[in-house]
Amino acid sequence: MDLNDNILITGGAGYIGSHTNKELSQKGLNTIIIDNLVYGHPEFVKWGKFIEGDLNDPDFIRSVFASFSIKAVIHFAAFAYVGESVHEPEKYYSNNVINTLNLLQVMREFGVSQIVFSSTCATYGLPKATPITEDHPQQPINPYGKSKLMVEQVLEDYSNAYGLKHASLRYFNAAGADPDGETGEWHEPETHLIPLVFDVALGKRKQIEIFGTDYDTPDGTCIRDYIHVTDLADAHILALDYLERENINLICNLGNGNGYSVKEVINIAEQVTKKKIQTIDTGPRMGDPPILVGSAEKAKRLLSWEPRYASLEAIIETAWKWHSRK
Ligand code: UFG
């Protein structure tokens, strides 16, 4: 990327978007942030130029592209509550699919042909083999995962027809926070394991519910692959460079390749916070696969991506620093 380039970040006031904005800005790139602030936080936009608006409005998107010469887009803006997507699929297909079509339409109008897209391991559905590689069948089991898969397919078709170049990055479980404490994980409502465990450590919740203790895993609880949000941010920048350098599409997993059970996460959080975490077994949550662990060998090979935070303890330490700040 050239230092004069403007990079548009949709959803840049959110969790992964704000960390990516920081990394890009620290590298000296100009960032333009758009966010509708439904779930994003204006306080998280500490770098670049912020424009509030919604991708459901093509004229708004046009106005942004008309005001700035955009080199490439990193597209985070989406709804991402798996459970909610089951009950309100229209909300997910509208925002995650239709609004992405609006963005792609305007990109075409302005001749912008590079996009890095936030995809997810939820596009795989129930894993048939572990660790999951990119050629694993994609059979998502909820509307959220389906909406992300639909966009991956749209990007492929637009690439064939219009020459769009895309990097679809399939995240495993994003965790942790900016080590400088400038941005972090803040969801309302919060449904994610690590921040909820911290709420217990801080006395804001009585206990953490463990969703299922009878899974076919060593301790009976679900296993996930946690990846630090700053490592995700780095991979987005490497993916932008890859599109520019290679001018071909890229699809890759972003994870650490290590699985941790819910009980292991809680144990490590107890060590980091030095607090006892009360737990209660409440039975499985609908749609939770027992094990989701990805192979990130492809990202490492093609992007020379090397996650800085390989241990869950290091990831949780950064998250705790953010979560327990005064
Ligand atoms: N869990 C609990 N109790 C809680 C919350 C979570 O036991 O109160 C468990 C879940 O069952 C799961 C693990 O902790 O096994 C992690 O759950 P999170 O809600 O933190 O994350 P998910 O794995 O459900 O979701 C993440 C992303 C989604 C993405 C999904 C892919 O947040 O965007 O991975 O499966 F779609």
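The coordinates are above.
Description of the structure in this document.

1. Notes on the sheet that holds strand E6 (residues 165-171)
Pairing is parallel across the open sheet formed by 7 strands, whose spatial order is E3-E2-E1-E4-E5-E6-E11. Looking at the sheet topology across the chains shown, the edges are occupied by strand E3 (49-52) and strand E11 (250-254). Direction aside, neighbouring strands of the sheet carry axes that sit 20 degrees apart on average. In terms of strand pairing, strand E1 (residues 6-10) meets strand E4 (residues 70-75) through 5 bridges, oriented parallel. Of the residues in E4, the one forming a bridge with Leu-8 is Val-73. The strands that helix H5 (residues 143-162) touches are strand E5 (114-120), E6 and E11; relative to E5, the one it contacts most, it runs at about 155 degrees.

2. Overview of unusual backbone geometry
Note the cis peptide between Thr-130 and Pro-131, where omega equals -5 degrees. Mapped onto the elements of the fold, Pro-131 is located in the loop between E5 and H5. Between Glu-188 and Pro-189 the backbone carries a cis peptide bond, its omega angle lying at 0 degrees. With a phi angle near 60 degrees, Leu-37 is a residue other than glycine that sits in the positive phi range. Summarising the element assignment, Leu-37 is placed in the loop between strand E2 (30-35) and E3.

3. Concerning the pairing of E5
Counting buried residues in E5 gives 7 out of 7 residues, a clear majority hidden from the surface. Side-chain alternation along E5 places Gln-114, Val-116, Ser-118 and Thr-120 on one buried face and Ile-115, Phe-117 and Ser-119 on a second face that is also buried. Alignment of E4 against E5, held across 3 bridges, turns out to be parallel. Pairing of His-75 across the sheet is with Phe-117, part of E5. Two strands pair when backbone bridges link them, and E5 and E6 are joined in this way by 7 bridges, in the parallel orientation. Its bridge partner being in E6, Thr-120 is matched across the sheet by Tyr-171. As a crossover connection, the stretch from E5 through H5 into E6 is right-handed.

4. Structural notes on the site of the ligand
Close to the ligand lie 22 residues; Asn-173, His-192, Glu-209, Arg-285 and Asp-288 are nearest. The backbone of Thr-191 places a nitrogen or oxygen atom 3.4 Å from an oxygen atom of the ligand. Phe-211 places a polar main-chain atom, nitrogen or oxygen, 2.9 Å from an oxygen atom of the ligand. Relative to its unbound accessible area of 680 Å², the ligand is 91% covered by the protein chains. If one sorts the elements of the shell around the ligand by residue count, strand E8 (residues 208-210) sits on top with 3 residues. For the shell around the ligand, the per-class residue count stands at 14 nonpolar, 4 polar and 4 charged. Three or more residues apiece are contributed to the shell around the ligand by two domains, here domain 1 (6-175 + 226-254) and domain 2 (193-225 + 257-323).

5. Some details on the packing of aromatic side chains
Applying the stated criterion to the full structure yields 8 aromatic pairs. Between Tyr-39 and Phe-79, the aromatic rings sit 5.4 Å apart at their centres with planes inclined by 85 degrees, giving edge-to-face as the arrangement. With Tyr-39 in the loop between E2 and E3 and Phe-79 in the loop between E4 and helix H3 (82-87), this pair connects stretches of sequence that are 40 residues apart. Taking 5.7 Å as the distance between ring centres and 75 degrees as the angle between the ring planes, the aromatic pair formed by Phe-44 and Trp-186 counts as edge-to-face. Pair noted here: Phe-44 is in the loop between E2 and E3 and Trp-186 is in the loop between strand E7 (173-175) and helix H6 (193-201), with a separation of 142 residues, a long-range link. Using a relative accessible area of 29% as the deciding quantity, one classes Trp-186 as partly exposed.

Here is what the cut-offs are and how they apply
- Residues numbered from 1 in each chain as written.
- Predicted model: local features only at pLDDT ≥ 70, side-chain atom pairs only at ≥ 80, totals over all residues.
- Heavy atoms only, no water.
- Pairing = 2+ DSSP bridges.
- Helix = DSSP H or I, 4+ residues; strand = E, 2+ residues; numbered from the N terminus.
- Axes fitted to C-alpha atoms, helices over the stretch in contact; angles between N-to-C directions.
- Contact = heavy atoms within 4.5 Å.
- Buried < 20%, exposed > 50% of the residue type's maximum accessible area, 1.4 Å probe, protein only.
- Right-handed = clockwise from strand over helix to strand, strands pointing away.
- Near = heavy atom within 4 Å.
- Polar contact = N/O pair within 3.5 Å; in protein donor to acceptor, adjacent residues only side chain to side chain.
- Areas by Shrake-Rupley, 256 points an atom, 1.4 Å probe, with all protein chains shown as cover.
- Nonpolar A, V, L, I, M, F, W, Y, C, P; charged D, E, K, R; others polar.
- Domains from an automatic or database assignment.
- Phe/Tyr/Trp six-rings, centres within 6.5 Å; stacked < 30°, edge-to-face > 60°.

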